[in-house]
Amino acid sequence: MFRIIIFIVLNFYNPALTSMKEDIISKMEATNNLSFNFIQTVNNKSENGTCILEYPKKIWCEYDGVNKKIIVSNGKSLVIKTNNNNNYYIYPLDRTPLEYLLDKEYLISKIQILEPRDIDEKYINFTIFENKDEINIFFDKKSLNLIGWQTEDIYQNLSVTFISSIRINQKIDQKKFKLPQNN
C-alpha cells in the first residue's frame, strides 16, 4: 500500500509544474520591455511594422507602407504621426485601451484574478473589462509570451494585433519615446 501511495505522489505531483497563469505572471514580472514585429487588422484592413514596448506605458511603433505611420507613447500621451504630410494627432493615453495594455502591473493584477481560457490548444486568453473597454490578451501556450491583443481603437473599430519575433529586455534608446514638439 505504501508503494502505491509513493507511486501516485511521484507521478501526479511535480513541483516544476506550476499553473500556466502563475508562469505567465512570473514571465511578465521579469519583462521590462519587448521588441517585436506586428500585424494589426482594423476593419478588415491589415498593416504591419515593428514596435518597442517599455513598461510602464511607453511604446514606439513604425508601420510599413507608404505613410510610414509612427505611434509613440511617453506614458502620458499617445501620438499618431504620418510621415507623408508631417501631421500628427495627440491623444491622452488614458482615453485609449493602450493605457491598460502598456501597464504591466495592471495586467498582472487582472491576470491574477481572471480565469484563463484555452484557445485551440495553442493560446491562453484573458478577457479584461475596464470601464467601457473589453480587452482580450493572448499568450502563446508553449513560450508563454504575449502574442497579441484585441481591443476597440479610439474610433471604436475592432482592432486585432498579432505580434511575432519577440525579443525581451533589449537595450532601448529612450529617444524613441520622445513626443514631437508643437510647431
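See the structure above.
These remarks concern the structure in this document. (Residues numbered from 1 in each chain as written. Predicted model: local features only at pLDDT ≥ 70, side-chain atom pairs only at ≥ 80, totals over all residues. Heavy atoms only, no water.)

**Comments concerning the overall build of the protein chain**
Put simply, the rule reads: Only DSSP runs of H or I reaching four residues or more are called helices, and only runs of E reaching two or more are called strands; each is numbered from the N terminus. Partly exposed residues are those whose accessible area sits between 20% and 50% of the maximum for their type, while under 20% is buried and over 50% is exposed, using a 1.4 Å probe and protein chains only. Here, residues are in contact when the closest pair of their heavy atoms is within 4.5 Å. Each accessible area is a Shrake-Rupley estimate made with a 1.4 Å probe; only the visible protein chains count as cover when residues are assessed.
Of regular secondary structure, the protein chain possesses four helices and eleven strands. Evaluated residue by residue, the protein chain yields a buried proportion of 42% over its 183 residues. Relative to all contacts within the protein chain whose residues are 6 or more apart in sequence, the contacts with residues 24 or more apart total 42%. Surface exposure of the protein chain reaches about 11,600 Å², of which carbon and sulfur atoms provide 52%.

**Comments concerning the side chain of Glu 99**
Structurally, the position occupied by Glu 99 is in helix α3 (residues 98-101). The exposure class of Glu 99 is buried, given its relative accessible area of 17%. Ignoring sequence-local partners within four residues, the contact set of Glu 99 consists of Lys 57, Leu 93 and Asp 94.

**What about the pairing of strand β11 (residues 158-168)?**
Selection criterion: At least two bridges found by DSSP between two strands are what make those strands a pair.
In the sheet, strand β1 (residues 33-42) pairs with β11 via eight bridges, with the strands oriented antiparallel. For Ile 39, the partnering residue across the bridge sits in β11 and is Phe 162. The sheet contact formed by strand β10 (residues 146-152) and β11 spans five bridges and is antiparallel. In the sheet register, Thr 151 faces β11, and the bridge partner there is Ser 159.

**Here's the deal with the nonpolar core**
Cut-off, in case you're wondering: For the purposes of this section, nonpolar cores are sets of buried Ala, Val, Leu, Ile, Met, Phe, Trp, Tyr and Cys residues that join through side-chain atoms within 4.5 Å.
With 35 residues, the main nonpolar core has Ile 24, Met 28, Phe 36, Ile 111, Ile 137, Phe 139 and Leu 146 as its most contacted residues. For this core, the element with the highest residue contribution is helix α4 (residues 104-113), accounting for four residues. With residues up to four places along the chain from it excluded, the contact list for Phe 139 reads Ile 24, Met 28, Ile 111, Lys 122, Tyr 123, Ile 124, Phe 126, Leu 144, Asn 145, Leu 146 and Ile 147. Ile 52, Val 72, Phe 177 and Leu 179 belong to the second largest nonpolar core, which has eight residues in total.

**Topic: the side chain of Thr 151**
With respect to the helices and strands, the residue Thr 151 is situated in strand β10. For Thr 151, a relative accessible area of 8% puts it in the buried group. With sequence-adjacent residues up to four places away left out, Thr 151 is seen in contact with Pro 97, Leu 101, Glu 134, Ile 135, Asn 157, Leu 158 and Ser 159.

**Topic: helix α2 (residues 20-29)**
To keep things clear, this is the line we draw: As used here, the arc belongs to the directions running from the helix axis to the C-beta atoms.
All of the buried residues in α2 are Lys 21, Ile 24, Ile 25 and Met 28. Relative to the axis of α2, the buried residues are bounded by an arc of 100 degrees and lie together on one face.

**What about the pattern of salt bridges?**
It is possible for side chains of opposite charge to pair when their charged atoms get near one another. We apply this condition: Basic side-chain nitrogens of Lys or Arg form a salt bridge, by our definition, when they fall within 4 Å of a carboxyl oxygen of Asp or Glu.
Within this structure, the stated rule accounts for seven salt bridges. One salt bridge connects Glu 54 with Lys 58, and the closest N-O pair in it is separated by 3.8 Å. Residue Lys 58 is classed as partly exposed on the basis of its relative accessible area of 23%. Three or more residues are tied together by salt bridges with common partners; here these are Lys 57, Glu 99 and Asp 103.

**Description of the sheet that holds β1**
Consider a sheet: its strands pair through backbone hydrogen bonds, and that pairing is either parallel or antiparallel. What counts here: All axes are obtained by fitting lines to C-alpha atoms, using only the stretch in contact for helices, and the reported angles, taken between N-to-C directions, cover 0 to 180 degrees.
On the basis of which strands lie adjacent, the open sheet formed by eleven strands has the order β6-β5-β4-β3-β2-β1-β11-β10-β9-β8-β7 and antiparallel pairing. If you trace the sheet from one side to the other, it starts and ends with β6 (88-92) and β7 (117-119), each paired once. The average undirected angle you get between the axes of adjacent strands in this sheet is 25 degrees. Direction of pairing for strand β2 (residues 45-54) relative to strand β3 (residues 58-63): antiparallel, over a ladder of six bridges. Within β3, the residue paired with Glu 54 across the bridge is Lys 58. Along the sheet face, α2 touches β8 (123-130), β9 (133-140) and β11 and points at about 75 degrees away from the line of β8. Set on the sheet, α4 makes contact with β8 and β9; between it and β8 the angle comes to about 105 degrees.

**Topic: the packing of aromatic side chains**
The description of two aromatic rings rests on the distance between their centres and on the angle between their planes. This is how it is decided: Aromatic rings from Phe, Tyr and Trp, taking only the six-membered ring of Trp, are treated as a pair when their centres fall within 6.5 Å; an angle between ring planes under 30 degrees marks them as stacked, one over 60 as edge-to-face, and anything in between as tilted. Either the NZ atom of lysine or the CZ atom of arginine qualifies as a charge over a ring when it sits within 6 Å of the ring centre and within 35 degrees of the ring normal.
The tally for this structure, following the rule as stated, stands at four aromatic pairs. Summarising the aromatic geometry, the rings of Phe 36 and Trp 149 are spaced 6.3 Å apart at their centres and angled 85 degrees between planes, so their arrangement reads as edge-to-face. Linking Phe 36 in strand β1 with Trp 149 in strand β10, this pair joins segments that are 113 residues apart in sequence. Of the two residues, Phe 36 and Trp 149, both sit in the buried class. For the ring pair Phe 126 and Phe 139, a centre distance of 6.0 Å and an interplane angle of 80 degrees mean the geometry is edge-to-face. Of this pair, Phe 126 sits in strand β8 while Phe 139 is found in strand β9, placing the two residues 13 residues apart along the sequence. Across this residue pair, the class does not change: Phe 126 and Phe 139 are buried. In this structure, Lys 69 packs its charged tip against the face of Tyr 63, placed 4.4 Å from the ring centre.

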